[in-house]
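# Commentary on secondary and tertiary structure
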Amino acid sequence: MQQMAVWCALNTSFAHQTAKTSQTKMAVQLRVIMEDDIRKLTLPTGIPNRVEDLISIVRETFQLPGEFRLHYEDKEFNNQFFSVTSTADLYDKATVKIEVNTLKRKHPVDAVPSKNVKKQKKAEVNSLPPHPIGESQDTLDKERLELLNEVKKKNNAKIITYKMRKTFSSRRLEVVTLRPSVNVIKERWPALFSEAQIKKEFRRITTVSLEDKFMKNLDQYTPGLLRVMRAKGGAAGSKMRPLLDTVNDTQIIEKKRDAVVCCLIDYFGEKREDLFYDCKECEDFTDKTIQVIVMHSNMAVEDPSDVSIVIEGNQVMEGCGSRTKACVLLMGLIYALNLEYPKRLKNTFETFQKIFLELDRDNLPKKVDSLKKKLMQ
């Protein structure tokens, strides 16, 4: 079953909201977030009176196939989603979710595996593991609540790791079957959003050591990648050349890795800016679906002052250090949160998975397969 989530944040004033009951309606702007794209939708006459009309406008504007239902986020119930039965349910700066899914949304503690859950495509060994012997969803949810307190304490890594390991099956049940927003996952499982736990969660899911495997294979393939990239012609070759010219044997390993990763994107004819967003000042990232934010200070133009990860408009990781390290952690997050790869960067992420992480490495897309054959020559 194909699942599609479209998130709409309504940005309007209180005057706009009250105008719904008057003869003249004010324009309303919607922030529409799709799987790998975010756009603005303007409703010149405000929010329609009927839910059906609003759905029709969104479907027509963004050419969305199939039927979908509308849900709104209720802050009084820890941001759980409820069905919209009237546009009166929508309020100033509300968050609305439109989704196509035969799996009925349940409260996480009531979740059970569904036959409609799509098969995993990224070589997950433990996508939906059984609960530990003697444990139930209720007992594991109590552990989750205890974790919320443990993450507030200092020098508590061992206890956090123990409880995260114990609640792994419960967390996967939520993430895979319910597909909640990143915001909801972050509120319910804040311990997951640390470098240490991202790596551990990735290993629980795949049995592979995330950073060690990625960096080892990237370094091993770097000479071949540089050879293939330098031989590339056309627009892609021209775009890579200035950065490739900076790569040399005396360069520190982090910079060489970053250069290779950036050129890998160019090699496939994909765009670096679809993955890396360079800026000098802290900005509003609410329009970023999946992005690595590379912050530069005025004093150091070349070396970033911070590298962070944004998913669904939420900054989920800071202090990644380099572009390549951010890519490693982003792969971990994609597995941990059961996310799809950005469509515009499909070949880049398939290379991360199947060549650098060696997951499902015999099932390569055409362009990735061609690259690997050239590396083997």
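Keep in mind that this is a model prediction, so the values were computed, not measured. (Residues numbered from 1 in each chain as written. Predicted model: local features only at pLDDT ≥ 70, side-chain atom pairs only at ≥ 80, totals over all residues. Heavy atoms only, no water.)

## Overview of the packing of aromatic side chains
Formally: A pair of aromatic rings is counted whenever rings of Phe, Tyr or Trp (Trp by its six-membered ring) have centres within 6.5 Å, and the orientation is called stacked for planes under 30 degrees apart, edge-to-face for over 60 and tilted otherwise. Numbering of helices and strands starts at the N terminus; helices are DSSP runs of H or I of at least 4 residues and strands are runs of E of at least 2. Between buried and exposed lies partly exposed: a residue is buried under 20% and exposed over 50% of the maximum accessible area for its type, with that area taken using a 1.4 Å probe on protein chains only.
Tallied over the entire structure, the rule returns seven aromatic pairs. Between Phe-352 and Phe-356, the ring centres sit 6.1 Å apart and the planes meet at 25°, which makes this aromatic pair stacked. With a gap of four residues between them, Phe-352 and Phe-356 both fall in helix 12 (residues 346–356), about one helical turn apart. Since its relative accessible area comes to 0%, Phe-352 is described here as buried. Of the residues examined, Phe-356 reaches a relative accessible area of 1% and is grouped as buried. What links up through ring pairs into an aromatic cluster is the set Phe-214, Tyr-341, Phe-349, Phe-352 and Phe-356.

## Quick word on the nonpolar core
Within soluble globular proteins, side chains that are nonpolar tend to cluster in buried spots. The cut-off we apply is this: Side-chain atoms within 4.5 Å are what join buried Ala, Val, Leu, Ile, Met, Phe, Trp, Tyr and Cys residues into a set we call a nonpolar core. Whether two residues touch is decided by their heavy atoms; if any such pair falls within 4.5 Å, the residues are in contact.
Within the largest apolar cluster, 71 residues are counted, with the highest numbers of intra-cluster contacts made by Ile-309 and Ile-311. Sort the elements by how many residues they give to this core and helix 11 (residues 323–336) lands first, with ten residues. Beyond its immediate stretch of four places on either side in the chain, Ile-309 contacts Gln-291, Asn-314, Gln-315, Val-316, Met-317, Cys-320, Ala-326, Leu-329, Leu-330 and Leu-333. Within the second largest apolar cluster, 14 residues are counted, among which are Leu-41, Ile-55, Val-58 and Leu-70.

## Let's talk about the packing of helix 9 (residues 234–244) against helix 10 (residues 253–267)
Here is the rule we go by: Only C-alpha atoms enter the line fits that serve as axes; for helices the fit covers just the stretch in contact. Angles between N-to-C directions range over 0 to 180 degrees. Oblique is the label for any angle not covered by the other classes, which are roughly parallel (under 35 degrees), roughly antiparallel (over 145) and roughly perpendicular (65 to 115). Throughout, the ten residues Ala, Val, Leu, Ile, Met, Phe, Trp, Tyr, Cys and Pro are labelled nonpolar, Asp, Glu, Lys and Arg are labelled charged, and all others, Gly among them, are labelled polar.
One way to put it is that helix 9 packs onto helix 10 with a least axis distance of 9 Å and a crossing angle of 170°. Taken as axis vectors, helix 9 and helix 10 run roughly antiparallel relative to one another. Here Ala-236, Lys-239, Met-240, Leu-243 and Leu-244 of helix 9 lie close against helix 10, whose contacting residues are Ala-259, Cys-262, Cys-263, Asp-266 and Tyr-267. Residue composition of the contact of helix 9 with helix 10, grouped by class: eight nonpolar, no polar and two charged.

## As for the sheet that holds strand 10 (residues 314–317)
Using the following cut-off: One bridge is not enough; two strands pair if DSSP finds at least two bridges between them.
Taken in spatial order, the four strands of this open sheet run 7-8-9-10, and their pairing is mixed. Two strands lie at the open edges of the sheet, namely strand 7 (276–279) and strand 10, each paired on one side alone. Looking at each pair of strands side by side, their axes are set apart by 35° on average, direction ignored. Both strand 7 and strand 8 (residues 290–295) contribute to a ladder of four bridges, which runs parallel. Its bridge partner being in strand 8, Cys-279 is matched across the sheet by Met-295.

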